[in-house]
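Reading the structure
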Amino acid sequence: MNELISTTLTSEAIKEKAKSLGADLVGIADGGLMDQFPPDPENSRTPSHITEIDGARVIVLAKRISFATSRLPAWNDQHKFYGDELLISALEELALDLVFWLEDNGAPGLMVPYHHVDPQKFIKGEDTQATHPLSAEHAAVESGLGTLGLNHQLITPEFGPRVILGLVMTSADIEPDAKMETSLCRGPECGRCLKACPADAVQHWDRDWLACDKFRSPFGFEFLSDYLTSVLKEPNQANQIGMLRGMESSEIFQAMLRGSGIITGCRRCADVCPVGDDYEDLLKKWVDEIPEETPEKLKRLEAMVAEAALPEAYEKQKRWIGKIELKN
Ligand code: SF4
Ligand code: SF4
């Protein structure tokens, strides 16, 4: 178990530094609590699984995504993928600068990679390819930055779900933040994330992560391994060469150059979410209408609203979703 080490640094000083480096939001989670409450007990990913030495506190850094990219309606617009990828790079640099600043002040810091797929553990059709070593969304809730929404996206009061997160762990003895207790999500009565989802992956306080993966990481590990397998299985060598010179190869090549479409992808659910101080003035007019809405989706939302009790999926995640008042 990670132990705290004494430091002259304070939470306030660390937050001030992170903001001066470009973070829009900063929270500090208690790594011990994250060890105690893994988001998925069957696939436990907590600070102690990464390090037994420097995970007593998890500093959560957030940068808002560009408003203009949220106003682009297509889920797969390349400007979104590219913009988000640049943001991830900026956040990584920010986190690295923070690590060295912490260490110059006597407090070791460890960055958690934004994206990691372990091919030894990945089981096609069962595992989600975009599972991170530590859930940044759950860490953000533990650090008081927000709560999880209907589809488990992180929602913050300032920018709704329109943030990208970075994590730095440390065992510096600094005061952690308290998490919010009441849900920020407006629930199925809102349901805008469900209406907009191109994969129809949004469920009742849950998400079909495998269906979502095909959109949030369209050229990710699964796409690459499926494609290479199909090339290997092709018996005709001329066809194989044709495949390697085809569209899929080109998409993989372009995606791998920057990570666009691999570590970034669909975020329609975030673009249309009405929570956030940024929504009314900067987004509503442009994202109010949802072309992906269908009568079937509306029917599913009506059924959710009519349910007398919250589903098991909510019970499993209620620590991070927060308290909800049923209107029935
Ligand atoms: S990221 Fe895209 S596919 Fe996944 S839940 Fe959100 S809208 Fe649906
Ligand atoms: S769009 Fe509505 S239902 Fe979905 S997460 Fe945001 S507030 Fe919740």
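The notes below deal with the structure included here. (Residues numbered from 1 in each chain as written. Chains lettered and ligands numbered in written order. Predicted model: local features only at pLDDT ≥ 70, side-chain atom pairs only at ≥ 80, totals over all residues. Heavy atoms only, no water.)

Ranked by internal contacts, the top residues of the largest apolar core, which has 39 residues, are Val58, Val60, Leu154, Val163, Leu165 and Leu167. Elements that contribute at least two residues to this core include exactly strand 1 (25–30), strand 2 (57–64), helix 6 (136–142), strand 5 (154–155), strand 6 (163–170), helix 7 (192–196), helix 15 (295–306) and helix 16 (312–321). Beyond its immediate sequence surroundings of up to four residues, Leu154 is in contact with Glu137, Ala140, Val141, Gly146, Thr147, Leu148, Gly160, Pro161, Val163 and Leu165. One finds Leu91, Leu94, Ala107 and Ile164 within the second-largest nonpolar core, a separate group that totals 23 residues. (Core = buried A, V, L, I, M, F, W, Y, C linked by side-chain atoms within 4.5 Å. Buried < 20%, exposed > 50% of the residue type's maximum accessible area, 1.4 Å probe, protein only. Helix = DSSP H or I, 4+ residues; strand = E, 2+ residues; numbered from the N terminus. Contact = heavy atoms within 4.5 Å.)

Here we come to the environment of Val60. Examined against the element boundaries, Val60 turns out to sit in strand 2. You can call Val60 buried: its relative accessible area is 0%. With sequence-adjacent residues up to four places away left out, Val60 is seen in contact with Leu25, Val26, Gly27, Ala139, Ala140, Ser143, Leu145, Leu165, Gly166 and Leu167.

Next up on the list: the site of ligand 1. In the vicinity of ligand 1, the contacting residues are Asn151, Cys197, Pro198, Ala199, Arg207, Cys212, Phe215, Cys266, Arg268 and Cys269. Looking at the shell around ligand 1, the elements with two or more residues in it are helix 8 (209–216) and helix 12 (268–271). Classifying every residue of the shell around ligand 1 by side-chain character gives seven nonpolar, one polar and two charged. (Near = heavy atom within 4 Å. Nonpolar A, V, L, I, M, F, W, Y, C, P; charged D, E, K, R; others polar.)

Another point: helix 15. With twelve residues, helix 15 extends 17 Å from end C-alpha to end C-alpha; this agrees with the ideal 16 Å at 1.5 Å per step. Those residues of helix 15 that fall on the buried side of the exposure criterion are Lys297, Leu301 and Met304. Each buried residue of helix 15 sits inside an arc of 55° when the element is viewed along its axis, so together they form one side. The exposed residues of helix 15 that point more than 90 degrees off its buried face are Pro295, Glu296, Lys299, Glu302 and Ala306. Against the buried residues of helix 15 lie helix 7 and strand 7 (202–203). (Expected span 1.5 Å × (residues − 1). Arc of directions from axis to C-beta.)

A water-sized probe rolled over the atoms picks out the places where empty space is left. Inspection of the entire model under this criterion finds two cavities of 30 Å³ or more. Reported here for the largest cavity is a volume of approximately 80 Å³. Surrounding the largest cavity, 14 residues form its lining, Cys185, Cys190, Cys193, Cys273 and Pro274 being those nearest its centre. Residues belonging to the lining of the largest cavity are distributed by class as follows: nine nonpolar, three polar and two charged. In terms of lining residues, the second largest cavity is bounded by Met34, Phe37, Pro39, Arg45, Thr46, Leu134, Ser135, His138, Ala139, Glu142 and Trp320. (1 Å grid on protein atoms, 1.4 Å probe; cavity = no way out; pocket = protein on both sides within 12 Å on 5 of 7 lines; lining within 4 Å. Points joined across faces, edges and corners; volume = space filled by probe spheres on them.)

Considering the arrangement of structural elements, one finds Asp77 in the loop between helix 4 (67–70) and helix 5 (78–104). For Asp77, which is buried and forms no salt bridge, the nearest opposite charge comes from Lys80, at a distance of 7.1 Å. Among the polar contacts made by the side chain of Asp77, one reaches the main-chain amide nitrogen of His79 at a distance of 2.8 Å. (Lys, Arg positive; Asp, Glu negative; His and termini not counted. Salt bridge = Lys/Arg side-chain N within 4 Å of Asp/Glu carboxyl O. Polar contact = N/O pair within 3.5 Å; in protein donor to acceptor, adjacent residues only side chain to side chain.)

What holds strands together in a sheet is hydrogen bonding between their backbones, with the strands either parallel or antiparallel. One open sheet holds the four strands; their spatial order is 1-2-6-3, and the pairing between them is antiparallel. Of all strands in the sheet, those with a lone pairing partner are strand 1 and strand 3 (109–112), marking the two edges. Strand-to-strand, the axes of this sheet are offset by a mean angle of 25°, without reference to chain direction. Summarising the sheet, strand 2 and strand 6 pair through eight bridges and their orientation is antiparallel. Residue pairing across strands places Val60 opposite Leu167, the latter belonging to strand 6. On top of the sheet, helix 1 (residues 11–20) reaches strand 1 and strand 2; it is set at about 140° to strand 1, its chief contact. Taken strand by strand, helix 5 contacts strand 2, strand 3 and strand 6, and its axis lies near 140° from that of strand 2. (Pairing = 2+ DSSP bridges. Axes fitted to C-alpha atoms, helices over the stretch in contact; angles between N-to-C directions.)

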